[in-house]
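Spelled out from the first residue to the last, the chains are:
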Amino acid sequence: MRLPQSADLLYGQLVALSGKAKRTWAADHTSAAVPVRDGEIDVGELAEATRRFARGVQAAGIAAEDWCVVRLEKPLDVLVAVCGLTAVGAVPVLLSPGLEADAAHTALKTVPHSMHLLVARARAEEFPDALAVDAARLVWEDIWEQDGEAGTATDTDALPQHGVERSPDSPYLVTHTSGTTGVPKLAVHTRASFYQQSVIQTRMLRLLRLRGYAAFATSPVHIRTLSALLTGITAGVSLLILGSEQRDSVREQLERWRPEYLETHPNTFVTWEDLADAGVMSSVRVFLATFDATHPRTVDRLLAGSRRRLAVFMEVYAQSEVGPIAFHVRTRRRRRAGVETELAGHRVGHAIPGYAAIRVVDENGTAVPRGQAGRIQVRAKGRFAGYLNFPEKFTQNLFEERWWDTGDWGSLGRGGTLRLLDRQVERLEGAPSGIALEDVLLSRIPDLAEVVVLETEEGLLPVIAGRPGAEPVGPEEWSAATGDMPALAAPLSVAWEEIPRTATGKVRREVLRGRLADMER
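Criteria and cut-off values
Residues numbered from 1 in each chain as written. Predicted model: local features only at pLDDT ≥ 70, side-chain atom pairs only at ≥ 80, totals over all residues. Heavy atoms only, no water. Helix = DSSP H or I, 4+ residues; strand = E, 2+ residues; numbered from the N terminus. Rg over C-alpha atoms; globule rule 2.2 N^0.38 Å. Buried < 20%, exposed > 50% of the residue type's maximum accessible area, 1.4 Å probe, protein only. Contact = heavy atoms within 4.5 Å. Lys, Arg positive; Asp, Glu negative; His and termini not counted. Charge placed at Lys NZ, Arg CZ, Asp CG, Glu CD. Pairing = 2+ DSSP bridges. Salt bridge = Lys/Arg side-chain N within 4 Å of Asp/Glu carboxyl O. Core = buried A, V, L, I, M, F, W, Y, C linked by side-chain atoms within 4.5 Å. pLDDT = per-residue confidence, 0-100. Polar contact = N/O pair within 3.5 Å; in protein donor to acceptor, adjacent residues only side chain to side chain. Axes fitted to C-alpha atoms, helices over the stretch in contact; angles between N-to-C directions. Parallel < 35°, antiparallel > 145°, perpendicular 65-115°, else oblique. Left-handed = near helix turned anticlockwise from the far one by under 90°. Nonpolar A, V, L, I, M, F, W, Y, C, P; charged D, E, K, R; others polar.

A closer look at the overall build of the protein chain
When its secondary structure is counted, the protein chain shows 16 helices and 23 strands. On C-alpha atoms alone, the protein chain measures out to a radius of gyration of 23 Å, which is about the 24 Å that the 2.2 N^0.38 rule sets for 521 residues. The dimensions of the protein chain, computed from C-alpha atoms along their principal axes, are 75 × 50 × 50 Å. For the protein chain, buried positions account for 58% of its 521 residues. Counting contacts in the protein chain only where the partners sit at least 6 residues apart, residues at least 24 apart contribute 69% of the total. Taking the average location of the 60 positive side-chain charges in the protein chain and that of its 67 negative ones, the two points are 9 Å from each other.

Thoughts on helix H1 (residues 10–18)
With respect to burial, H1 is a largely interior element, seven of its nine residues being buried. The complete set of buried residues in H1 reads Leu10, Tyr11, Gly12, Gln13, Leu14, Val15 and Leu17. Next to the buried residues of H1 lie strand E1 (25–27), helix H2 (43–59), helix H3 (75–87), strand E7 (171–176), helix H6 (191–208) and helix H7 (223–235).

Some remarks on the pairing of E7
Buried residues dominate E7, accounting for five of its six residues. Bridge analysis of E7 against strand E8 (residues 186–190) gives five bridges, and the strand direction is antiparallel. The residue bridging His176 from the neighbouring strand is Leu186, located in E8.

With respect to the pattern of salt bridges
Inspection of every chain in the model, using the stated rule, returns 31 salt bridges. Between Arg37 and Glu45 there is a salt bridge, with its nearest N and O atoms 2.7 Å apart. Note that Asp408 and Arg423 form a salt bridge whose closest N and O atoms lie 2.9 Å from each other. Of this pair, Asp408 sits in strand E19 (residues 404–412) while Arg423 sits in strand E20 (residues 418–423), and the two are 15 residues apart along the sequence. Assessed through its relative accessible area of 8%, Asp408 is described here as buried. With a relative accessible area of 29%, Arg423 lands in the partly exposed category. Where salt bridges share partners, they join Glu273, Asp277, Arg297, Arg301 and Arg467 into one cluster.

Side note on the environment of Ala130
Checked against the element boundaries, Ala130 lands in the loop between strand E5 (115–119) and strand E6 (137–139). For Ala130 and Leu454, which are 324 residues apart along the polypeptide, the C-alpha to C-alpha distance reads 42 Å. Apart from the residues within four sequence positions on either side, Ala130 is in contact with Ala135 and Arg137.

What to know about the nonpolar core
Counting 68 residues, the largest nonpolar core has Trp25, Phe53, Leu118, Trp140 and Phe194 as its most contacted members. Here this core takes nine residues from H3, the largest share from any one element. For Phe194, the contacting residues outside a window of four places in its chain are Leu9, Leu10, Tyr172, Leu173, Ile223, Leu226, Ser227 and Leu230. Counting 26 residues, the second-largest nonpolar core is a separate cluster that includes Ala326, Ala356, Ile358 and Phe384.

A short note on the confidence of the model for the protein chain
Looking at the protein chain as a whole, the pLDDT averages 92, with 96% of positions reaching at least 70. Within the model, pLDDT remains below 50 along residues 152–156, and this stretch shows two contacts once partners closer than five positions in the same chain are excluded.

Some details on the side chain of Gln377
Within the secondary structure, Gln377 sits in strand E17 (residues 374–380). For Gln377, a relative accessible area of 0% puts it in the buried group. Reaching out from Gln377, the side chain makes a polar contact with the side chain of Asp405 at a distance of 3.2 Å. Look past the residues within four positions of Gln377 in its chain and what remains in contact with it is Ala357, Ile358, Arg359, Val361, Phe399, Trp403, Trp404 and Asp405.

Focus: the sheet that holds strand E21 (residues 448–456)
If you trace the three strands from one edge of the open sheet to the other, you get E21-E22-E23, paired in mixed fashion. The two strands at the open ends of the sheet, each matched to only one other strand, are E21 and strand E23 (492–493). Both E21 and strand E22 (residues 459–466) contribute to a ladder of eight bridges, which runs antiparallel. In the strand pairing of E22, Thr456 is matched with Gly459. Across the sheet, helix H14 (residues 434–444) touches E21 and E22, and the angle it forms with E21 is around 145°.

Details of the packing of H2 against H3
Viewed as axis vectors pointing N to C, H2 and H3 meet at an angle of 55°, and their least axial separation amounts to 8 Å. For the element pair H2 / H3, the angle class is oblique. Judged by the twist between their axes, the crossing of H2 over H3 is right-handed. The segment H2 lies against H3, with Leu46, Ala49, Thr50, Phe53, Ala54 and Val57 engaging Leu79, Val80, Ala81, Cys83, Gly84, Leu85 and Ala87. Residue composition of the contact of H2 with H3, grouped by class: 11 nonpolar, two polar and no charged.

With respect to unusual backbone geometry
Even without being glycine, Arg209 reaches a positive phi, approximately 50°. By the secondary structure assignment, Arg209 is in the loop between H6 and strand E9 (214–217). With a relative accessible area of 61%, Arg209 lands in the exposed category. Look at Arg258: it is not a glycine, yet its phi comes out positive at around 50°. Since its relative accessible area comes to 32%, Arg258 is described here as partly exposed.

Below is the structure:
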């Protein structure tokens, strides 16, 4: 397994690309760090901005092996900050702008390291003071307003061409988990683990032979987004970086840039289905989603909206801690399965060759027969190094021979196909899989935008949200859609906005359950 050097990572690869980029990148937002002219970004200017910022943080006293909390809002700003901090050998601790301030402080409370702070002006009140004695507190916009640049290097803090070299097993950056079941865990990715996650993605991307723009509308601080950016930079792909998931903004950007590749969170794709129907995604040849299960109905509508003859949808089963695990490629020619097969679990495909291995075990860690449900465990080249704030949870989930327990419940078919049933803590007694129930209901009732099946004392309760402007689901329609399914209670209708979600669109089921309980009191 090849060990990375600084030239292989974000800063080094961006600097290398800057001199040979064939065309500009694009973005739907501005940045304090780099000029965005009519939506276009010069890659050379982007690389220069990261270099200036790296020198600026050196001047502020941030050095190799230091840790720095990053609380920024715009994807371009996050990219420059991560590149600049890692260039000097510091470790960015990235917090999503969608993470509530209380949750952010709670996640940092048990971190054993002294940390610097880099915060956007809009978030400055959340962190009124430095995080530690002798630590720097930097406001992003203020840095760039100082004579129009982020700082000047001195003879003693000259930056190496590809950034400061550190050992492959040293921390590179820290991202956080979704926090669907509690306080987000801060996952430490080493230079080697981050590089390995990107290497396998680069191999897959090159097989796609992209010639047009690759558009990303994903959480800018997530490991998937950052490894995908390194993948795109390494492969020399022109990137369209979207900071807004709002339909009107997305429509404008997709119609202007006509991307060949489009990636966002699964539940964001749900809200874009009507854009696909309207032909806005006609240029897209490759759709990709990770973070969560993507419902079959959404996949069908996205593919139907593409005018590319061989359009595909790639669903990647992945986790922050280990990167991509399995993938499933869908085309328009999908063979319809019977309801029993559909309810057996959400199919997420086969393990990624040369990168990940998958096994399913019982509660004692013993492998179960093929087709039987159990705990999904993974062994992957890009597995992270541990949790910065909950080190004990790392050891709890790490088994012999480097097997990592994902916290998911699923089954492996005879041919090695993995089916995802539910999170282990969200397993249902009244049905094999809540995710599968939701898949079927959304496919059968087109006017639904979301279905969340919760198990209560009275049985399985479907919480549903209709599409904007859609008529409420009537008793007859509901009865027709659920007649051959496990017994379900009458659905509870809520607005889409009332369903609590993480920054990547995942439903926070326990929070939703608590809100419903409060409503009943």
